[in-house]
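A closer look at the structure
Here is how the chains run, residue by residue.
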Amino acid sequence: MWDAIGLAFGLVLDPYVLWVCLASAVFGIFVGAMPGLTATMATALLVPITFFMPPVPAIGAIVTATAMAIFAGDIPAAMLRIPGTPASAAYTDESYLMSRKGLLDLNLGANLVFSAVGGLFGVAILILAAPLLAEVALNFSSFEYFWLAALGLTCATFIAQADPLKGFVALLMGLAIATIGIDPAAGHPRFTFGSVEMLQGVSFIPAMIGLFAISELLRGVVTIDQSAEMLKQQVGNVFRGLGQVWRRYWRNFFRGSLIGTGIGALPGAGADIAAWISYAVSKRFSKEPEKFGTGHIEGIVEATSANNSAVAAAWIPALVFGIPGDSITAIVIGVLYMKNMNPGPAVFLQNPQLIYAVFIIFVLANLLMLPIGWAAIKLAKQILRTPRNMLLPMILLFCIVGSYAMTNSIYGIIIMLVMGLFGWIMEENGFPVGPVILGLVLGELFEQSFMTSMIKSDGSLLGFFSRPIAATLGVTTILLWVYMLTRNARSRREPA
Amino acid sequence: MRTNDTVTGLMLIALSGLMIYLTLDFPDFPGQKYGPSLFPRILASGLILCGAILIARGVSARRAGLPWIAFADWTRDPWRLASFLMLPALVVLYILVSEQVGFIPVAFAMLLFMFLWFRARLVVALPVAAAATWIVHWFFATMMRVPLPRGLLTDIL
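First things first, this report covers the structure right here in the doc. This one's a predicted model, so the numbers in the text were calculated from it and none came from an experiment.

Conventions used here
What you see as residue numbers is a count from 1 along each chain, following the sequence as written. The order in which chains are written sets their letters, starting at A; the order in which ligands are written sets their numbers, starting at 1. In keeping with the model being predicted, local features are shown solely for residues with a pLDDT of at least 70 and side-chain atom pairs are shown and tallied solely at 80 or more, while totals for entire chains, interfaces and linings include all residues. Excluding hydrogens and water, the side-chain values take into account all heavy atoms of the structure. Numbering of helices and strands runs from the N terminus, with a helix taken as a DSSP run of H or I at least four residues long and a strand as a DSSP run of E at least two residues long. For the exposure calls, accessible area comes from a 1.4 Å probe over protein chains only, and a residue counts as buried if that area is under 20% of its type's maximum, exposed if over 50%, partly exposed in between. A contact between two residues is defined here by any heavy atoms of the two lying within 4.5 Å. What counts as buried area is the accessible surface, traced by a 1.4 Å probe, that two parts surrender upon association, with contributions from both included. For salt bridges, the criterion is a side-chain nitrogen of Lys or Arg within 4 Å of an Asp or Glu carboxyl oxygen. Here a polar contact is taken to be a pair of N or O atoms separated by no more than 3.5 Å, where protein atoms must pair a possible hydrogen donor with a possible acceptor and residues adjacent in sequence count only if both atoms sit in side chains. Each Phe, Tyr or Trp ring (for Trp, its six-membered ring) is paired with any other whose centre lies within 6.5 Å, and the angle between the two planes then decides the class: stacked below 30 degrees, edge-to-face above 60, tilted in between. Two limits define a charge over a ring: the Lys NZ or Arg CZ must be within 6 Å of the ring centre, and within 35 degrees of the ring normal.

Comments concerning unusual backbone geometry
Residue and element names in this part refer to chain A. A positive phi is found at Phe-193, a non-glycine position, where the angle reads about 50 degrees. Within the element layout of this structure, Phe-193 appears in the loop between strand E2 (189-190) and helix H9 (204-221). Classification of Phe-193 by relative accessible area gives exposed; the value is 63%. In this structure, Asn-408 takes a positive phi of about 55 degrees despite not being glycine. With respect to the helices and strands, the residue Asn-408 is situated in the loop between helix H18 (388-407) and helix H19 (410-428). We classify Asn-408 as partly exposed; its relative accessible area is 41%.

Side note on the interface of chain A and chain B
Between chain A and chain B, the residue contacts involve 63 residues of the former and 62 residues of the latter. When chain A packs against chain B, close to 5,700 Å² is buried across both sides, 81% of that on carbon and sulfur atoms. Linking chain A with chain B are two salt bridges, by the criterion used here. Asp-163 of chain A is the partner of Arg-57 of chain B in a salt bridge, and the nearest nitrogen-oxygen pair spans 2.8 Å. Taken together, the links from chain A to chain B amount to nine residue pairs in polar contact (both at pLDDT 80 or more). If you list the elements that add at least two residues to the side of chain A that touches chain B, you get helix H8 (164-178), E2, H9, H18, H19 and helix H20 (434-456) of chain A.

Looking at the packing of aromatic side chains
Using the criterion set out here, one finds 35 aromatic pairs over all chains in the structure. Aromatic side chains Trp-424 of chain A and Trp-74 of chain B sit 6.5 Å apart centroid to centroid with 65 degrees between the ring planes, which places their arrangement in the edge-to-face category. Placement of Trp-424 of chain A in helix H19 and of Trp-74 of chain B in the loop between strand E2 (69-70) and helix H3 (78-101) is noted, with the two residues assigned to different chains. Accessibility assignment for this pair places Trp-424 of chain A and Trp-74 of chain B in one class, buried. Each member of the aromatic cluster is reached from another via a ring pair, and the members are Phe-143, Phe-146, Trp-147, Phe-446, Phe-450, Phe-464 and Phe-465 of chain A together with Phe-39 of chain B. The lysine or arginine in question, Arg-284 of chain A, covers the ring of Phe-285 of chain A, its NZ or CZ lying 5.2 Å from the ring centre. The ring of Trp-79 of chain B has Arg-119 of chain B lying over it, and the distance from NZ or CZ to the ring centre is 4.0 Å.

Nothing here speaks to function; it is geometry throughout.
Below you can see the structure in the form of structure tokens.
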């Protein structure tokens, strides 16, 4: 194990890797701070670049950029009353009211420091939990993997979504799109309409760029000339008074980080939901709930710790089982597959140095957040003044070239465009796009483990419950379904 | 553009029907009653079920007075509507002409057009369009060796 850790340090402390992480940090801060550009979009835009890198810098770039983006989303929340990323939406009003009260410095300082420390908390749990879970997962067969994927997809559609039915439709669509191309069990081409390029299936990266970037751009262009009013206040010393905040609210920090880690590790729920729930919990158990909504720091401490700890925790199911914790790790899993580093417990045995490298980069990214975040706060007014009418066209060009680069043909751009329009229509009608990408990423594993299990058990569904862990996972999944269906039916009856 | 759930449901059912129809000629595994068609059929059945629930929901929403289809406010502003439609149109244009004309001229023209459309000043738009085109080309074509189409500039590059 120590050899692997030594190797991992060697991999990360390469000047090239450090340079990539630094550049991604700056990129992540910028994208996170720009309203309308999300952390998921940052990842989507990074992937075409990381495609050409070895695994460690590629993962390092995504880890650093997302951690930074989730923090940076707090900056416009405080200064413009617009969350930079959805993960900051839960406490945007609170933050802005705090700034209006003249507490801008304290607010930004608390956001920065508690984001970094909350992130480190999540990383600590990731480092402790992932290897232990991997040992359990080594005994898994196709039955367990089938149920695990089913459980992951169930959580993704039901727990996280406002409308479970629409989440489920989105998931089925993703799985259906994943069946295009050569089928994984028999090698028969499906839904390719005679096209040679469609034999390779719907390439994951152009699809993701379409769903997460093009659909954002489509929403962005119609508000391109609208800008929010910037706070006049100047930024001073952001670290003053934080000691006092810590002494008063350290319990909030721990509770927020714990909730964030738990929610982040759940498949399908990520940093934004972690922030909403921990903010609500904070208010519920506060000694002074009447101060919430007037520019009170308590809930901000809790929620800003929660969303950053969720970023790291989402990697637990992703690394151990290959099941994404949120949309960002769904993208990461796609990237890992492309790098032939198929996530799952086997990586922990075969390439432990890569896993340790991910851990080290996570620690590094959260430490790097303090100086870079501080600089970003100081430069915030300049960053937020970046003209969107110049930015959006450049992002569009980048998306086109990035998609083209994945297939080296127009096919990638066509996928991007179709998925972009599809994603836009879905979101307009209240269908979440996250489950589509989950379905697209997990589709092959899901179908393969299903078909393998079917063949093993000779078509009998009882085989899916023949092993103890598989049976437990299967029963859990089915219970979740029953619970959700009855709850759905009951809530339908009551308000009517 | 918000369509009533009935419309969405009908489209889902039509799509799933097509999907099942296309699986009809997939072969089975030797000695088994199922094959590559099983999984898509399960998915399509799920979508049909969801589509049916959506239709039921949509009908009751319609009874409550919601329209079949509703357009957002910005669609009534011609400039915004044109801005919105311009994005996919430009991507289609790129798909159609980039191979013949080449990446550099098409990208530069697209950027310049969009900058000016979004009311940037020409003195800013020209250099930024040129610089952005150059950086993207340098990064992808030179550094990453992506074969971006050369088109008209084949002899020069």
